[in-house]
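Here's the letter readout for the chains.
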Amino acid sequence: MIAKSRDLVQHLMGKWKCSGYEENDKEIKDFNSFELTFKQATIICSPRGNKLWPAKCQYESIGSINGGYYFREDGCFFQVKNMMENNITIELNLRITEEGSINKYIFYLKKENN
């Protein structure tokens, strides 16, 4: 696991392909494949974004610099839960109703060779 915040941010940069995800602890088996490209302060989801990741959005680190917590400009929070050399696990908390109901998503991503 990548330990230092600078290493975490640097390692996060690049293109990651979603190899699977869970919604509220239930594995989702049928989904359209997508990629997330992390740049310094921007995430790009291709192709064309989806209901969980906008096509392009800004993000910033929050809390402890070593915590791996990030705020997305659309009001969602995500955390890097686990990071290995070519794999990361991200938890996204997404508000789904005006009353504040939140769904938790876990994404399993593999590093793409550019």
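Let us look at the structure shown here.

What counts as what
- Residues numbered from 1 in each chain as written.
- Predicted model: local features only at pLDDT ≥ 70, side-chain atom pairs only at ≥ 80, totals over all residues.
- Heavy atoms only, no water.
- Helix = DSSP H or I, 4+ residues; strand = E, 2+ residues; numbered from the N terminus.
- Contact = heavy atoms within 4.5 Å.
- Areas by Shrake-Rupley, 256 points an atom, 1.4 Å probe, with all protein chains shown as cover.
- Buried < 20%, exposed > 50% of the residue type's maximum accessible area, 1.4 Å probe, protein only.
- Pairing = 2+ DSSP bridges.
- Phe/Tyr/Trp six-rings, centres within 6.5 Å; stacked < 30°, edge-to-face > 60°.

**Some remarks on the overall build of the protein chain**
So, step 1. Of the regular secondary structure elements, the protein chain holds 1 helix and 9 strands.
So, step 2. Ordered by position in the sequence, the α and β elements of the protein chain form the string α-β-β-β-β-β-β-β-β-β.
So, step 3. Put simply, of all contacts in the protein chain between residues at least 6 apart along the chain, 38% involve residues at least 24 apart.
So, step 4. Carbon and sulfur atoms provide 46% of the accessible area of the protein chain, an area that totals close to 7100 Å².

**Some words on the environment of F77**
So, step 1. Topologically, F77 is positioned in strand β7 (residues 77–83).
So, step 2. Note: C-alpha distance between F77 and L94 (17 residues apart in sequence) is 7.2 Å.

**What to know about the pairing of strand β6 (residues 69–72)**
So, step 1. With burial as the criterion, only one face of β6 is covered, namely that bearing Y70 and R72; the residues Y69 and F71 on the opposite face remain uncovered.
So, step 2. The hairpin formed by β6 and β7 contains 4 residues between the paired strands, and G75 there has a positive phi angle of roughly 95 degrees.

**A short note on unusual backbone geometry**
So, step 1. The omega angle of the peptide bond from S46 to P47 is 0 degrees, so this bond is cis rather than trans.
So, step 2. Within the secondary structure, P47 sits in the loop between β4 (42–46) and β5 (56–61).
So, step 3. Positive phi, close to 55 degrees, is recorded for R48, a residue that is not glycine.
So, step 4. Mapped onto the elements of the fold, R48 is located in the loop between β4 and β5.

**Quick look at the packing of aromatic side chains**
So, step 1. Tallied over the full model, the rule gives 13 aromatic pairs.
So, step 2. Here F34 and F107 contribute two aromatic rings whose centre-to-centre distance is 6.0 Å and whose plane-to-plane angle is 80 degrees, an arrangement assigned as edge-to-face. Placement of F34 in the loop between β2 (26–28) and β3 (35–38) and of F107 in strand β9 (residues 102–111) is noted, with a sequence separation of 73 residues between them.
So, step 3. Its relative accessible area of 5% is what places F34 among the buried residues.
So, step 4. The buried category is assigned to F107, whose relative accessible area is 0%.
So, step 5. Relative to F78, the ring of Y70 has its centre 5.2 Å away and its plane inclined at 20 degrees; by these criteria the two rings are stacked.
So, step 6. The exposure class of F78 is buried, given its relative accessible area of 1%.
So, step 7. An aromatic cluster of at least three residues, connected via ring pairs, comprises Y21, F31, F34, F38, W53, Y59, Y70, F78, Y105 and F107.

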